[in-house]
Amino acid sequence: DAGVTQSPTHLIKTRGQQVTLRCSPKSGHDTVSWYQQALGQGPQFIFQYYEEEERQRGNFPDRFSGHQFPNYSSELNVNALLLGDSALYLCASSLEGGAVEKLFFGSGTQLSVL
Amino acid sequence: GESVGLHLPTLSVQEGDNSIINCAYSNSASDYFIWYKQESGKGPQFIIDIRSNMDKRQGQRVTVLLNKTVKHLSLQIAATQPGDSAVYFCAERPGRGSTLGRLYFGRGTQLTVWP
């Protein structure tokens, strides 16, 4: 049973560029949430996707956007990259209405903006 | 979660001792709490959870205590092992109507276990 998988594991970009990060949820899960984790900080909620729609959004600018596909996988897109976007980007999956309330995280994509 | 500071709180314990990691949460309406363990280069890993209608919950070698009066969580790890070395985060779900995916995390505590 595969857990949450993310790609790529590491990425280096320059300011102003655009980036796309990918996530496949844990088998059987239908909801995907994205988090940003700066060095030495706890993860911060970016947004959540369910039924291919953005359901909730944290305090992030419109440069951050996402998508969920019919197979529940998801992408996070960041436009016009800033140095401050350098962070570990985590994807987490869960089951809507699931009896077991656990959020499963992937290992993340380490994004460095130069 | 923990108020933001400049440095990650740290806790150093000897192998075999018990560890207690504390967390102050911010929202009195939060109804669900989770402790996560994050090892270097990995994503957070679920340890144990507790609902707001409980004061204590035990797992294998871990116990979570919830004090809603002072908005405080603690994670107790019995007979701490070197493999327990990691950053530990508490996370809260901000009340009814909020989905599981939206959690608020504290800054974390770095636990180091010495042989």
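Residues numbered from 1 in each chain as written. Chains lettered and ligands numbered in written order. Predicted model: local features only at pLDDT ≥ 70, side-chain atom pairs only at ≥ 80, totals over all residues. Heavy atoms only, no water.

**Things to note about the interface of chain A and chain B**
The accessible area lost on association of the parts is a frequent measure of interface size. In this assembly, 22 residues from chain A lie in contact with 24 residues from chain B. Here chain A meets chain B over a buried area of about 1800 Å², counting both sides, of which 50% is carbon and sulfur. Across the chain A-chain B interface, the total number found is zero salt bridges. At the surface where chain A touches chain B, the tally comes to five residue pairs in polar contact (both at pLDDT 80 or more). Taken together, the elements giving at least two residues each to the side of chain A that touches chain B come down to strand E4 (31-37), strand E5 (44-50), strand E6 (53-57) and strand E9 (87-94) of chain A. For the side of chain A that touches chain B, the per-class residue count stands at seven nonpolar, 11 polar and four charged. (Contact = heavy atoms within 4.5 Å. Buried area = accessible area lost by both parts, 1.4 Å probe. Salt bridge = Lys/Arg side-chain N within 4 Å of Asp/Glu carboxyl O. Polar contact = N/O pair within 3.5 Å; in protein donor to acceptor, adjacent residues only side chain to side chain. Helix = DSSP H or I, 4+ residues; strand = E, 2+ residues; numbered from the N terminus. Nonpolar A, V, L, I, M, F, W, Y, C, P; charged D, E, K, R; others polar.)

**Comments concerning the state of the cysteines**
Residues and elements named next belong to chain A. For the structure shown, the criterion picks out two disulfides over all chains. Through a disulfide, Cys23 is tied to Cys91; the S-S separation comes to 1.8 Å. When the S-S torsion is -60 degrees, as for the bridge of Cys23 with Cys91, the disulfide is left-handed. Remark: Cys91 occurs in strand E9 and Cys23 occurs in strand E3 (residues 19-24); sequence separation between them is 68 residues. Like Cys91, Cys23 is buried. (Disulfide = S-S within 2.5 Å. Buried < 20%, exposed > 50% of the residue type's maximum accessible area, 1.4 Å probe, protein only.)

**Description of the pattern of salt bridges**
Pairing is possible between side chains that carry opposite charge, provided their charged atoms lie close to one another. Residue and element names in this part refer to chain B. For the structure on display, the rule yields eight salt bridges over all chains. With a closest N to O distance of 3.2 Å, Asp31 and Arg93 form a salt bridge. A residue pair is termed long-range when its members are at least 10 positions apart, and Asp31 in the loop between strand E2 (19-24) and strand E3 (32-38) and Arg93 in strand E8 (residues 86-93) qualify at 62 residues. Neither residue differs from the other here; Asp31 and Arg93 are each classed as buried. Here Asp49 makes a salt bridge to Arg57, at a shortest N to O gap of 2.2 Å.

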